[in-house]
Amino acid sequence: MNFLVGLNPRDLAVVAGCKFNYIYEESSLKNSPFAMFDFSDANSTVGFDFWLNPVLPTNFFATRLQLDVANRCGNTAWAREAQAIASSYFFTTEGAPVKLSPYDPGTVLPVNGEIGAGFGFSKMQDQDISGLPAHFPSNLYLSPVGIFTLENIEADGKNSMIELMPGLYTQEFLRIPERTKIQFINDQPAYAPSFSVNRPASDSPPSNLDLLQNDYTTSWMQVLTEEGHYFGEPSSGSFFVEQDGGPFSNSVDARLATLFNSAAFPCVPLGGIFSAPSPLNSEQISRFEATILSSARHGQLTLHSEGPVFFPGDSLLGSSSMLSSTTPQGLLIELNDDGSWNKVVLAKQPAMLNADPPIPETQLQFLSYGSPPKFPADLSLILTQNQLFFIVTEPSECWNFDSTIFLSGFQFELGFDSENPDAQLIMIFKFNTTASVAELVANPGLWTGAEHYNSDPEATSALIDDYITFAQQPVPGDPFEHFNNLVNDPAWTGVLFLNTGINGNGMPADLQMLLGGVNGPLRAHHLGIQGNMMDVEAKSGKLEIDQSSLFGVIFYNGNGQPSNPDLCDAPVDYETETLVVVFSNSSITQFNTSVGLTLNQLMGRDVQLIDPPVDSKPNTLSIKGQYQAGSDGVGRMTFISEQEFVYEFLVNDPNIDPVVPNVRVLEKVVFNQASLVPVSSEPVQEKNTTEVSARFSLSGALWFCPNPFPDSDQLDLFSYGSMGDSGVGLAISNLSVDVDFTLSEVGITVPDSKRVTLDLTAMTADPSTDAIRPNSLLFSIPLKFSRFIVGEEEAINATNTGSTAVNILQLESNPINADSLVQPALLDSPDQAASPPSTYVTSAPRYALEYDMLLGSLGALGADAKLEAKVLLAWGPSSTIPDNDAAALFIQLPQLSAGAGGFELEGVLKTAFGDANLLKVDLENGSQTVYGILFNNVQLSAFGYSFPPGVMVDFTVFAGTTTPGQVIPTYANNLAWFLSVKPEND
């Protein structure tokens, strides 16, 4: 149906709109009109060709009101009024208005797809439009359609180029010739559910994440030219290039696409915002333009672009002649000769060659790919988008990303791993200043390419929200203060990475040793780029990043991790309990860490930590680390604790009922100093791995049980461990726990590679007489401590030590007390009940205290030669009941050497005896116990002859006289010999 009609445009606008209209805010469906013409004072009738097809009401070829500028209606006045209609609500980048005048193809029917200027129907909410047929849709309104010609009102010549602003910002424009035909196409998407008048986004983002959707529609613009170009930069600031020899930077024109009869794109005449009432204020209109219209327009016009090309801002598409440029956020863009992009450097950290090991220069950068090299067009175009908010968990396959950067000794690995959810890196570019990170994260509809760069945007949104929520927890030192501020600040712009990996390879050894105690891979909560310091390379003149300002937080709480089942069973183990590192301006500003050393067994016996700290893991002593910044830019960690930790040796097995007490020689060990130091870090080049070793070193004191053996007449052999609050034990040092593990090629601990072993071989003891208990062996006999002996791999026995076992009658053939027997009901077989008599003597102990015992001298026979014996006070598992401890005493009589000027006796004069027995005598008055050693059948031999001939000699060694009625130590006295001689035949 087609007919000519004269209508008053003011009345037509009141009834049917004649405007652009956008619907937003999903919850309440608000609309914002934008007028293209000012019809408020129109009193004349205008001629229209009315084409109507009720079946196709929104197809502007079938249904439209076309302005009759060619006077087809035969009414000259109507045609003159139609010709006078024009819009001056669009502007150039210089602020000059341009004129859009109606174009008529000169024929009633469309020619070559060209439609004359006028109005067509688009969709909005249901409304009452009077005058339309009853069956005609009631949700339609008129929006501009057809072709208008563009004219620069202030241009000097007809062939000048116009830089037409399609939006609010001068950085975005269409460089097109004057008289270019501009076509408007109705029924294009106009519904923006992700936009809200209030900045907080909707709690339930729309399932369709397109910025503009076609539930409701309006008219979009199309540029009909083959000579135009689309330029665009972020509204928050232009790209810049260093001027040759000048003190200031120069702006850049960023050509994003060439217009060959461009795609349709959203564009509204913002100069007419006051001609049509709008519920949006100026701030909201600016935000709607920046986040919705500009972003959608950018996407449409660059759909087939090969990427941006940069030109100096004062040139007109001439030669680029630029080497590099910077983004408003300080990212460095290296350019090719033609102005296209070669690479984008996000951040740079300089080399630290004086560090140990030396740290190379590292850069986070996107590089060109393929041959010939080409920079990813999608990424370069995205980075030129206005008010960008870009989240990536799945990058394009063509992205070539150098993802490693060192920061204060830590090697951050920012590679993507979509196959491992726990290692999923999240990269965020926020150049949007209309809303905060937290607000934008909650609304995936405002993300650039949300569905293209994230397999599940809503899941990614929820994951990021978890990171934001996690950072809000109260933590000592408030390490997330900066992060919490920036994610809630709309004005903050920068680049943010969440859940970044830490690659331990190449890191300093004192940091590497922490990784072996981490349960799983160590990952940083976030790493961000705040800005870059630029410099000009002397030789090439190119801009380069001198150093970046990075920030971030590594937050690891091992105490919050599930307990490792193997940890409960292993004799020793260690874990990194906490590791909190805060980076600001590329330096460490906070470093809190502690490691936990778990000791479930010591010297082959179960132990238990007494009064452990609250919330600590069982049997674990904690050592806090201290960080000190170094002159090489890399700090050093020291782990030293002087806190006291008391471990008791368990005498009961809680898994057996009734409880059967075990015999234990050791009562407790008290550690009053603990440290952790790196030992070695050896890279394995062929495997790209690293072998790391570290060592815990513990010092403290041992307390021996005063009467460990039942029915042994209060025998106190091991003597150390005075009683009372000020009690003293046998001081020990260098009790070591060795840690070895392998870092994989990605710098995490290889599963099952961690080996934690207790090493007592370097342990030393420093006895004090204050530690010796009254009425003990060492209280009575003067012995000089020599060393601590460990025989875990090779047993300590008479053969290995060249000594003779001393009989301890109180410990031999002891009957087992009936109460200490394992009940038959707990035995696997009846044969187990027939236990042999108990003995608390072992012939192959594992640990020993070695002493020197001065027996005297040879007098004139050997000049200064001394008779010095070796005494070993040893213990280990009982040979009859391995769960019990047993003791052994060995003695080695001397082979002698004379002093200077004397006769060499070593290897010539030897001593020998038949056997030896330990004596324990309680004095009659009960005031003191005296210990001695009885040697039977003692002989001296030289050159195969024994003497004195024909007699047997026994002698007893003890510490001399005591003071009646007093308990006074005799360990400082000289030894006394009591000899008994009798003929051999007696």
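Residues numbered from 1 in each chain as written. Predicted model: local features only at pLDDT ≥ 70, side-chain atom pairs only at ≥ 80, totals over all residues. Heavy atoms only, no water.

## Re the overall build of the protein
When helices and strands are tallied, the protein shows 11 helices and 52 strands. Across the protein, every contact between residues at least 6 apart in sequence was considered, and the portion connecting residues at least 24 apart equals 70%. Accessible surface, the protein: about 42,900 Å² in total, of which carbon and sulfur atoms supply 49%. (Helix = DSSP H or I, 4+ residues; strand = E, 2+ residues; numbered from the N terminus. Contact = heavy atoms within 4.5 Å. Areas by Shrake-Rupley, 256 points an atom, 1.4 Å probe, with all protein chains shown as cover.)

## Focus: the environment of Ser722
Along the polypeptide, Ser722 turns up in the loop between strand 38 (689-704) and strand 39 (730-743). The exposure class of Ser722 is buried, given its relative accessible area of 14%. In the structure, Ser722 is positioned 18 residues away from Phe704 in sequence and 9.3 Å away in space, judged by C-alpha atoms. Excluding residues that lie within four positions of it along the chain, Ser722 makes contacts with Trp703, Gly727, Val728, Asp770, Ala771 and Arg773. (Buried < 20%, exposed > 50% of the residue type's maximum accessible area, 1.4 Å probe, protein only.)

## Details of the pattern of salt bridges
On inspection of all chains with the given rule, the structure shows 22 salt bridges. Residue Arg10 is joined to Asp11 by a salt bridge in which the shortest nitrogen-to-oxygen separation is 3.9 Å. Residue classification places Arg10 among the partly exposed positions, given a relative accessible area of 31%. Relative accessible area serves as the criterion here: at 42%, Asp11 is assigned to the partly exposed category. (Salt bridge = Lys/Arg side-chain N within 4 Å of Asp/Glu carboxyl O.)

## Examining the packing of aromatic side chains
Counted by the stated rule, this structure contains 44 aromatic pairs. Ring geometry for Phe37 and Phe39: centres 5.5 Å apart, planes at 15°, overall stacked. Both residues of the pair, Phe37 and Phe39, belong to the buried class. Ring centres 6.3 Å apart and planes at 65° place the aromatic pair Phe390 and Trp399 in the edge-to-face group. The exposure classification of Phe390 matches that of Trp399, with both residues buried. Every member of this aromatic cluster is reached through a ring pair, and the members are Phe366, Phe390, Trp399, Phe401, Phe429, Phe431 and Tyr453. Its guanidinium or amino end placed over the ring of Phe231, Arg175 lies 4.7 Å from that ring's centre, counting from NZ or CZ. The ring centre of Trp703 lies 4.6 Å from the NZ or CZ of Lys668, which sits over that ring. (Phe/Tyr/Trp six-rings, centres within 6.5 Å; stacked < 30°, edge-to-face > 60°. Lys NZ or Arg CZ within 6 Å of the ring centre and 35° of its normal.)

## Describing a nonpolar patch on the surface
Among the surface-exposed residues, Trp977, Leu979 and Val981 lie close enough to one another that they form a single nonpolar patch of about 290 Å² accessible area. Structurally, Val981 can be placed in strand 52 (residues 976-983). A residue is classified by how much of its surface remains accessible, and Val981, at 52% relative accessible area, is exposed. (Patch = residues over 30% accessible without salt bridge, like charges linked within 9 Å, V, L, I, M, F, W, Y side chains within 5 Å.)

## Observations concerning the side chain of Asp573
Among the secondary structure elements, Asp573 is positioned in strand 30 (residues 572-584). A polar side-chain atom of Asp573 sits 3.1 Å from a polar atom in the side chain of Lys754. (Polar contact = N/O pair within 3.5 Å; in protein donor to acceptor, adjacent residues only side chain to side chain.)

## Some points on the nonpolar core
Ranked by size, the top nonpolar core spans 237 residues in total, and within it Phe410, Phe412 and Phe429 carry the most contacts. Those residues within four positions of Phe412 in sequence are excluded, and the remaining contacts are Ser403, Thr404, Ile405, Leu407, Thr500, Gly501, Ile502, Ala524, Leu527, Ile554 and Phe583. (Core = buried A, V, L, I, M, F, W, Y, C linked by side-chain atoms within 4.5 Å.)

## A short note on the environment of Phe551
As for its position among the elements, Phe551 is in strand 29 (residues 543-557). Spatially, the C-alpha atoms of Phe551 and Ile588 are 8.9 Å apart, while their sequence positions differ by 37 residues. The residues contacting Phe551, other than those within four sequence positions of it, are His482, Leu486, Trp492, Leu496, His526, Leu527, Gly528, Ile529, Gln530, Phe583 and Ser584.

## As for helix 3 (residues 282-301)
Its maximal kink placed at Glu289, helix 3 deviates by approximately 35°. Most of helix 3 sits inside the fold, with 15 of its 20 residues counted as buried. One side-chain oxygen of the residue at the start of helix 3 lies 3.1 Å from the amide nitrogen of Glu283, identifying that residue as Asn281. (Bend = angle between axes of the 7 residues up to and from the residue.)

## Some thoughts on helix 6 (residues 457-471)
Taking 1.5 Å per residue, 15 residues should reach 21 Å; helix 6 reaches 21 Å between its end C-alpha atoms and fits that length. Those residues of helix 6 lying buried are Pro457, Thr460, Ser461, Ile464, Tyr467, Ile468 and Ala471. Down the axis of helix 6, the buried set is contained in an arc of 120°. They therefore lie on one face. In this structure, the buried residues of helix 6 make contact with strand 22 (389-392), strand 26 (426-430), helix 5 (437-441), helix 7 (481-487), strand 27 (494-502) and strand 28 (523-536). (Expected span 1.5 Å × (residues − 1). Arc of directions from axis to C-beta.)

## Some thoughts on unusual backbone geometry
The step from Asp356 to Pro357 runs through a cis peptide bond, and the omega angle for that step is 0°. For the peptide bond that leads from Ser371 to Pro372, omega is 0°, which places it in the cis range. Looking at the secondary structure, you find Pro372 in the loop between strand 21 (362-367) and helix 4 (377-382). Backbone geometry places Ser586, a non-glycine residue, at a positive phi of 65°. Here Ser586 shows up in the loop between strand 30 and strand 31 (587-599). With a phi angle near 60°, Asn619 is a residue other than glycine that sits in the positive phi range.

## Some remarks on the pairing of strand 21
Looking at chain direction, strand 20 (residues 341-349) and strand 21 are connected through 6 bridges and run antiparallel. Residue pairing across strands places Val345 opposite Gln365, the latter belonging to strand 21. Alignment of strand 21 against strand 23 (residues 400-402), held across 3 bridges, turns out to be antiparallel. The residue bridging Phe366 from the neighbouring strand is Phe401, located in strand 23. (Pairing = 2+ DSSP bridges.)

## Things to note about the pairing of strand 29
Counted residue by residue, strand 29 has 11 buried out of 15 residues, so it is predominantly covered. For strand 29 and strand 30, the ladder comprises 6 bridges, and the chain directions are antiparallel. Each residue of the ladder has a partner; that of Tyr556, found in strand 30, is Leu579.

## Description of the confidence of the model for the protein
In the predicted model, the protein carries a mean pLDDT of 85, and 85% of its residues have values of at least 70. Summarising per-element confidence for the protein, the mean pLDDT is lowest in helix 9 (residues 565-569) (60) and highest in helix 7 (97). Counting interchain partners and residues more than four positions distant, the pLDDT-below-50 stretch residues 897-906 has 14 contacts. (pLDDT = per-residue confidence, 0-100.)

## Description of the environment of Asn488
With respect to the helices and strands, Asn488 occurs in the loop between helix 7 and strand 27. It is 5.9 Å that separates the C-alpha atoms of Asn488 and Ala438, two residues lying 50 residues apart in sequence. Residue contacts for Asn488: discarding those within four places in its chain leaves Ser436 and Ala438. For Asn488, the side chain forms a polar contact with the main-chain oxygen of Asn484, separated by 2.7 Å.

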